[in-house]
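Chain by chain, the residues:
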Amino acid sequence: MNPALQALITITVGVGGCVGYFWLSNLVLDRVLFPARGPQAGRNITRANMIRPWLFLFPALVALAVYLAYPVVATAWLSLHRDAGGAREFAGLDNYARMMAEPKFWESMRNNLLWLVVVPALSTAFGLLAAQLTDRIGWGNLAKSLIFMPMAISFVGASVIWKLIYDARPAGQDQIGILNALYLWAGGDAPQQWLQIPFWNSLFLMAVLVWIQAGFAMVILSAALRAIPEETVEAAILDGANPLQIFFRIKVPQIRGTIVVVWTTITITVLKVFDIVLAMTNGQWETQVLANYMYDKFFRAFDVGVGSAAAMVIMALVTPILVWNVRNARREMQ
Amino acid sequence: MADLLLRDVSKSYGQVTVLRDINLDIRRGELIVFVGPSGCGKSTLLRMIAGLERISGGDFLIDGVRMNDVPPAQRGIAMVFQSYALYPHMTVRDNMSFALKLAKRSDAEIRAAVDRVAQILQLTPYLDRLPKALSGGQRQRVAIGRAIVRDPKVYLFDEPLSNLDAALRVATRIEIAQLKEAMPHSTMVYVTHDQVEAMTLASRIVVLAGGGIAQVGSPLELYQRPRSEFVAQFIGSPSMNLLAGTVASTGPQTLVRLDGGGVARVAIPTAEADLGLRVNLGVRPEDLVPTDAPDALFAGEVEITEALGEVTLLYFRRQDQGAAVVAKLPGIHQGLRRSTVRLGADPARLHLFHQGQSLLWR
């Protein structure tokens, strides 16, 4: 069968199934289980209204249970067990201990920490800068679209683009990587394999994510900046503030809540970073990060125990930030 | 503490000119009120004085120094905004200190200045609060305090009372009047659309209309000797009645025969040449009095009455076109509805307009 036809059928069945479920289950509840007539009409309506939210939430709850809750529990269980000839036997914290003993794990932790500091800070800073500047120029909307566009590119796609930027050809040939081209033009001695220079290569990988996330930060922060009452800025001008003081002492404090939300949202993305490292260096040359480390262990080395342990570490790191982020976002909405 | 001079000032946005030929000499210690219908450019003029809008043409001087290109902060002005424009993330103290901090004054000096002003405005208990924890009236006082702390030469007020409820507006209006009293050398420019604020606060009122100044004068001068029909109808509430008529006899007093049938003797001198001139007779509702004389100024059937206790407003049906004739009689008058009332007026309180301009100002 033609794949397009398959997709069409899938969509029809999926969407039709969803609509059908909500419509039919609602009908059964109102007409068959608790009909709003007869001597018990009032009581029936109350009961139907108590059941209805659960009825509508049911598909979402099932999906969450199967695809989120169960994997969490299963991963936790796996991280505490070892492979014993096909069967699983309890291993206590043995997997965690083995993981901690690996230098590659600590390298991942160190790199993740670096990502955690650099990427949200730079993305938010660039986003804020772009938001402020694009609001003040005639072609600001065009600039905004351009800055936002990377958001539409997948991480792997972005990695491929940036691999070309970092590309190195043997000395003497024309460099197709713009970084090497610039490096040689500025007086560099020989083309560099940028992705193989430890420490700096991590920063080069981070540039990809900053490039993508700055657009996201810009859009949210631009909306927040526009919501600042114009009079407070005018009052500051009359009070003698210069543009920098207006920006840092009047505008930024007024959008602090939004900045925190943007920052933490990017932080969560960073903690899960995987595709970029996988596509560009696959963790070689000291660029390993936790998610790719987990993938390495779980799906390449088939060390299910250590892989699960790594997954649990990621979850433990993400959860507090997620909770904080949701709280901040809720406060922003009030 | 400054003289302001506007010379042929104009403002245009691209091809559209919103203000032109603004000539105004504001002397030190005056409280000048800009009034006018919405869209007349009064706020724009104030913002040009503040430096928030560019001056498209003409000169603006403070104490003889041309200010057109001087940045707002160096003009020696402070502004109170309609929306208060308090910095929401700063406490009351920080709001009031901000300008002084930017000016790099010493901490002790700033603290003393803020404490003194807070004392005057009764804000001392609220100095550590954020603006959101204050009532509307308190916020307005902080905004005024923020202006006073800077000890400016000129105070600008942009409809400062519009966001307050009626009772608070009256109280704050009196506070501003007292503030002005306490600072007799400060120059203040105040924009409002509320003519009661204008009449009560102003030392002089500037009426703006149609992109220019319609008249400048003390409140009572505008009330008693309006230069044009526009000013006559803008000042006073309900607004002045206009009745069309023809000059029937001239001299030190003028006799006007009204199209509606009445005659009016007006204490405005006219020359021989004015005989037969088409004029509008202006008479304020409060100047109309019931009369039994045969040659009443106006006679008509009362359509609606509004009893306000202190006064009673009578709205008359009118034969010709135009707004209903309104009379304001002191005290309570009942049972006048649907009856015919004859009205006269003191000749000294009548106005004559020819083609919109007062005959007094020819």
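All values derive from a computational prediction rather than experimental measurement. (Residues numbered from 1 in each chain as written. Chains lettered and ligands numbered in written order. Predicted model: local features only at pLDDT ≥ 70, side-chain atom pairs only at ≥ 80, totals over all residues. Heavy atoms only, no water.)

Draft legend 1. Local environment of the overall build of chain A. Secondary structure summary: chain A contains 14 helices and 2 strands in total. Relative to a compact globule of 334 residues, whose C-alpha radius of gyration would be 20 Å, chain A shows 26 Å and is clearly more extended. With the principal axes as the frame, chain A shows a C-alpha extent of 90 × 75 × 50 Å. The buried share of chain A, taken over its 334 residues, is 39%. One finds the centroid of the 24 positive side-chain charges in chain A at a distance of 12 Å from the centroid of its 19 negative side-chain charges. (Helix = DSSP H or I, 4+ residues; strand = E, 2+ residues; numbered from the N terminus. Rg over C-alpha atoms; globule rule 2.2 N^0.38 Å. Buried < 20%, exposed > 50% of the residue type's maximum accessible area, 1.4 Å probe, protein only. Lys, Arg positive; Asp, Glu negative; His and termini not counted. Charge placed at Lys NZ, Arg CZ, Asp CG, Glu CD.)

Draft legend 2. The arrangement of unusual backbone geometry in detail. All names here are of chain B. The omega torsion across Ser 237 and Pro 238 is -10°, close enough to zero to call that bond cis. Relative to the helices and strands, Pro 238 resides in the loop between α8 (229–234) and β11 (241–249). One non-glycine residue, Asp 21, adopts positive backbone phi at about 50°. Here Asp 21 is to be found in strand β2 (residues 16–26). You will see that Asp 63, though not glycine, has its phi angle at about 50°, which is positive. Within the secondary structure, Asp 63 is located in the loop between β4 (57–62) and β5 (65–66). Given a relative accessible area of 37%, Asp 63 falls into the partly exposed group.

Draft legend 3. The sheet that holds strand β17 (residues 311–316) of chain B, seen in detail. Residue and element names in this part refer to chain B. Pairing is antiparallel across the open sheet formed by 5 strands, whose spatial order is β15-β19-β16-β17-β18. Edge positions in the open sheet fall to β15 (289–290) and β18 (325–330), since each of these has one partner strand only. Pairing of β17 with β18 involves 6 bridges; the strand directions are antiparallel. Residue pairing across strands places Leu 313 opposite Lys 328, the latter belonging to β18. (Pairing = 2+ DSSP bridges.)

Draft legend 4. Highlighting the packing of aromatic side chains. Residues and elements named next belong to chain A. Under the counting rule described, the total for this entry stands at 13 aromatic pairs over all chains. Residues Tyr 21 and Phe 22 carry aromatic rings whose centres are separated by 5.3 Å and whose planes lie at 70° to one another, so their mutual orientation is edge-to-face. Exposure remark for Phe 22: the relative accessible area of 33% places this residue in the partly exposed category. Considering the side-chain rings of Phe 22 and Phe 56, the 5.5 Å spacing of their centres and the 90° angle between planes classify their relative orientation as edge-to-face. Here Phe 56 lies in helix α2 (residues 41–79) and Phe 22 lies in helix α1 (residues 3–33), a separation of 34 residues in the sequence. Ring pairing ties together the aromatic residues Trp 162, Tyr 166, Phe 204 and Trp 211, which thus form one cluster. (Phe/Tyr/Trp six-rings, centres within 6.5 Å; stacked < 30°, edge-to-face > 60°.)

Draft legend 5. Quick peek at the domain arrangement of chain B. All names here are of chain B. By domain assignment, chain B separates into domain 1 (4–234) and domain 2 (241–361). Taking only C-alpha atoms into account, the centre of domain 1 sits 38 Å from that of domain 2. For the pairing of domain 1 and domain 2, the buried interface totals around 1200 Å² over both sides, and the portion due to carbon and sulfur atoms is 48%. Its largest share of buried area at the contact with domain 2, domain 1 owes to Tyr 223, Arg 227 and Glu 229, together 51% of the area lost on that side. Counting the contacts that link domain 1 with domain 2 gives 0 salt bridges. It is helix α7 (residues 219–224) that contributes the most residues to the side of domain 1 that touches domain 2, 4 residues altogether. Residues that form the side of domain 1 that touches domain 2 fall into these classes: 4 nonpolar, 4 polar and 4 charged. (Domains from an automatic or database assignment. Buried area = accessible area lost by both parts, 1.4 Å probe. Salt bridge = Lys/Arg side-chain N within 4 Å of Asp/Glu carboxyl O. Nonpolar A, V, L, I, M, F, W, Y, C, P; charged D, E, K, R; others polar.)

Draft legend 6. Spatial organisation of the domain arrangement of chain A. All names here are of chain A. Here chain A is partitioned into domain 1 (3–79) and domain 2 (96–333). Relative to domain 2, the C-alpha centre of domain 1 lies at a distance of 38 Å. Across the boundary between the two partners, domain 1 contributes 5 residues, which contact 9 residues of domain 2. Across the interface of domain 1 and domain 2, roughly 490 Å² is buried in total on both sides, 79% from carbon and sulfur atoms. Considering only the side of domain 1, the residues that lose the most area to domain 2 are Thr 75, Leu 78 and Ser 79, jointly responsible for 77% of the buried surface there. Inspection of the domain 1/domain 2 interface yields 1 residue pair in polar contact (both at pLDDT 80 or more). (Contact = heavy atoms within 4.5 Å. Polar contact = N/O pair within 3.5 Å; in protein donor to acceptor, adjacent residues only side chain to side chain.)

Draft legend 7. Representation of the pattern of salt bridges. Inspection of the entire model under this criterion finds 20 salt bridges over all chains. Between Asp 30 of chain A and Arg 52 of chain A there is a salt bridge, with the nearest N and O atoms lying 3.3 Å from each other. Pair noted here: Asp 30 of chain A is in helix α1 and Arg 52 of chain A is in helix α2, with a separation of 22 residues, a long-range link. Look at Asp 30 of chain A and you get partly exposed, because its relative accessible area is 29%. Here Arg 52 of chain A falls in the buried class, since its relative accessible area comes to 18%. Here Arg 150 of chain B ties to Asp 239 of chain A by a salt bridge, and the two come within 3.6 Å at their closest N and O atoms.

Draft legend 8. Region of interest: helix α9 (residues 230–238) of chain A. Buried within α9 of chain A are the following residues: Thr 232, Val 233, Glu 234, Ala 235, Ala 236 and Leu 238 of chain A. Where α9 of chain A is buried, its residues touch α10 (243–254) of chain A together with α1 (42–50), β6 (77–80), α2 (92–102) and α4 (136–149) of chain B. Phi turns positive, to about 100°, at Gly 240 of chain A, one or two residues after α9 of chain A.

Draft legend 9. Representation of the pairing of strand β20 (residues 351–354) of chain B within the structure. Residue and element names in this part refer to chain B. Of the pairings in the sheet, the one linking strand β14 (residues 278–283) to β20 comprises 3 bridges and is antiparallel in character. When the bridges of β20 are listed, Asn 280 appears paired with Phe 353. The antiparallel hairpin formed by β20 and strand β21 (residues 357–358) contains 2 residues in its connecting segment, where Gln 355 sits at a positive phi of about 50°.

Draft legend 10. Representation of the interface of chain B and chain A. Residue-level contacts link 21 residues of chain B with 15 residues of chain A. Buried surface at the junction of chain B and chain A, both sides included, amounts to about 1600 Å², of which 67% is carbon and sulfur. When the area that chain B buries against chain A is broken down by residue, the three leading residues are Tyr 87, His 89 and Leu 102 of chain B, summing to 31%. Our count for the contact surface shared by chain B and chain A stands at 2 salt bridges. Among the salt bridges present, the one from Arg 47 of chain B reaches Glu 234 of chain A, with a minimum N-O distance of 2.6 Å. Counting residues per element, the ones that place at least two in the side of chain B that touches chain A are α1, β6 and α2 of chain B. The leading source of residues in the side of chain B that touches chain A is α2 of chain B, at 4 residues.

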